Structure formats: C-alpha cells, structure tokens
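The primary structure of each chain is shown beneath.
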Amino acid sequence: RHLRQGDSLVDSIAAANEAVLSAVSKQPDLQGMATTIVSSKFEGKNFELSWVGDSRAYLINNNSIQQLSSDHNYANELFLQGDISKDEAAIHSGQHELTQALGQLSLDEIPILNGTLSSEAILLLCTDGLSGVLSDKKILNTFKGSSSLEEISRSLLSQVLEAGAPDNVTFTLVAWKEPA
C-alpha cells in the first residue's frame, strides 16, 4: 500500500515493521511474531532492492547465479566477521537464527541495492523455503534449459515439494523485455 502511495521501498518496509509491532501490541498472543521480506521496485528495467531477514534476491542468467541480498542471520554474521567460511555458514545451525526481522527490527539502515535487469537475466526473490531447500547450483540448473518463467516456477516448486517442503515457500521471478 505504501509503495502504491509513492513511498520509497525502505519507508514502505519500515511501515510494514510498524504494522507488525502494532498488531503485536494490540494482541498479546502474537508476542514474538516476526517475518522476513525481500522486495523490489522497478522503473523500467532499473530496480531498487531491499530486504530484512533471510529472504533472498538472486540475479540469474544461463551461466551464473548471484545472490544480491545478504542474510540477516547468525551464520552470516559469523561469516562476515571472518569466524567461519562461506561453506561453513551454509550448513551452520545459525542459518535458522535470525538477527533481523520485521517485528524485531533493530537495523540502523534497511539495506538497499540498485541494479539493472538485462533481457538475458531473471531476478528471483524468495523465502528460505526455496533457498534453504535447493542449493544455488540446483536453482541455476533449473533455469538452464527451461524456456519460460512458468516452466521454471513449476520446476522449482516441484523440487521443493519433492524435498519435503520443510518450510513455507514463496518466490517471484521477474524478467525484462525491451519494449517493441
């Protein structure tokens, strides 16, 4: 709603955080409620990206997958401090310990990243119900040889379900086509 009213992406996420806090203050049984977010705002092929928690954004083309967001969890904090390697962070129990979430937000600044989506790339926004179940390699391989976003979406969901879907899964694929 805030984005549609012209607010910035960061201000809209901050408003969502306030909405979660307000709901909790009005209903004590919601104490501890929190959620993650990854969101993008487009102007043509240029995008603004922001996130809180461990929902992720990836830029994918036929040959590579690049994680654009940085997880707000204990394992990633250890990695950023140099205490563990990237491979160790991927399997660390701290992957499930959020350091930031809407409803428990303490960031001085909500991260923001600007980019451009080329016609050869796809932006994937997803919860850890996808990225925590499928490796980056499996995600990339799904994009290879798939001809449409619908086919890719069906395949990603099918793979998560086959793996037992241990968490909720939500994802969005965004592609850019040059205007005719």
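Just so you know, the residues in each chain are numbered from 1, in the order the chain's sequence is written. With pLDDT at 70 or above as the cut-off, local features in this predicted model cover only qualifying residues; side-chain atom pairs require 80 or more to be listed or tallied, and sums for whole chains, interfaces and linings still use all residues. Hydrogens are left out, water is left out, and the side-chain values use all remaining heavy atoms of the structure.

For the purposes of this entry, the term helix denotes a DSSP run of H or I that reaches at least four residues, the term strand denotes a run of E that reaches at least two, and both are numbered from the N terminus. The topology assignment puts Ile65 in strand 4 (residues 65-67). Between the C-alpha atoms of Ile65 and Leu123, which are 58 residues apart in sequence, the distance is 9.8 Å. Beyond its immediate chain neighbours, meaning those up to four positions away, Ile65 contacts Tyr58, Leu59, Ile60, Asp136, Ile139 and Leu140. Here, two residues are considered to be in contact whenever any of their heavy atoms come within 4.5 Å of each other.

Now for the sheet that holds strand 1 (residues 37-43). The strand order across the open sheet formed by three strands is 1-2-5, and the pairing between neighbours is antiparallel. Looking along the sheet, the strands with just one partner apiece sit at the ends: strand 1 and strand 5 (112-116). The sheet shows a mean angle of 20° between the axes of neighbouring strands, taken without regard to direction. For strand 1 and strand 2 (residues 46-52), the ladder comprises seven bridges, and the chain directions are antiparallel. Paired with Val38 across the strands is Trp51, a residue of strand 2. Helix axes are fitted to C-alpha atoms over the stretch in contact, other axes to C-alpha atoms as well, and angles between N-to-C directions run from 0 to 180 degrees. Packing against the sheet, helix 1 (residues 9-26) makes contact with strand 1, strand 2 and strand 5, and its axis sits at approximately 25° to strand 2. Two strands pair under a simple rule: DSSP has to find at least two bridges between them.

Now for the packing of helix 5 (residues 136-143) against helix 6 (residues 149-162). What describes two packed helices is the angle between their axes and the distance between those same axes. Axis separation between helix 5 and helix 6 bottoms out at 9 Å; the angle between their running directions is 145°. Regarding helix 5 and helix 6, the two cross each other, and that crossing is right-handed. The segment helix 5 lies against helix 6, with Lys138, Ile139, Thr142 and Phe143 engaging Ile152, Ser155, Leu156 and Gln159. With the far helix as reference, a near helix turned anticlockwise by less than a right angle produces a left-handed crossing, and one turned clockwise produces a right-handed crossing.

What follows concerns helix 1. Multiply 1.5 Å by the residue count of a helix minus one, and that product is the helix's expected span. With 18 residues, helix 1 extends 26 Å between its outermost C-alpha atoms, agreeing within 8% with the 26 Å of an ideal straight helix rising 1.5 Å per residue. Burial classes follow relative accessibility: with a 1.4 Å probe on protein chains only, a residue under 20% of its type's maximum area counts as buried, one over 50% as exposed, and anything between as partly exposed. Restricting attention to buried positions, one finds in helix 1 the residues Leu9, Ser12, Ile13, Asn17, Val20 and Val24. Projected down its long axis, helix 1 carries its buried residues within an arc of 150°, all on one side. In helix 1, the exposed positions that point more than 90 degrees away from the buried face belong to Ser25 and Lys26. The directions from the helix axis to the C-beta atoms form the arc being described.

What pLDDT reports is the predictor's confidence in each residue, on a scale of 0 through 100. For the protein, mean pLDDT is 93; residues scoring 70 or higher make up 100% of the total. Per-residue pLDDT, averaged within each element of the protein, yields its smallest value for helix 3 (residues 86-91) (89) and its largest for strand 6 (residues 122-126) (98).

By the element assignment, Ser55 lies in the loop between strand 2 and strand 3 (56-60). A relative accessible area of 2% places Ser55 in the buried class. For this analysis, a polar contact is any N or O atom pair within 3.5 Å, provided that within protein one partner can donate a hydrogen and the other can accept it, and provided that sequence-adjacent residues contribute only side-chain to side-chain pairs. There is a polar contact of 2.6 Å between the side chain of Ser55 and the side chain of Thr36. Filtering out sequence-adjacent residues up to four positions away, Ser55 remains in contact with Thr36, Ile37, Val38, Ser69, Cys126 and Thr127.

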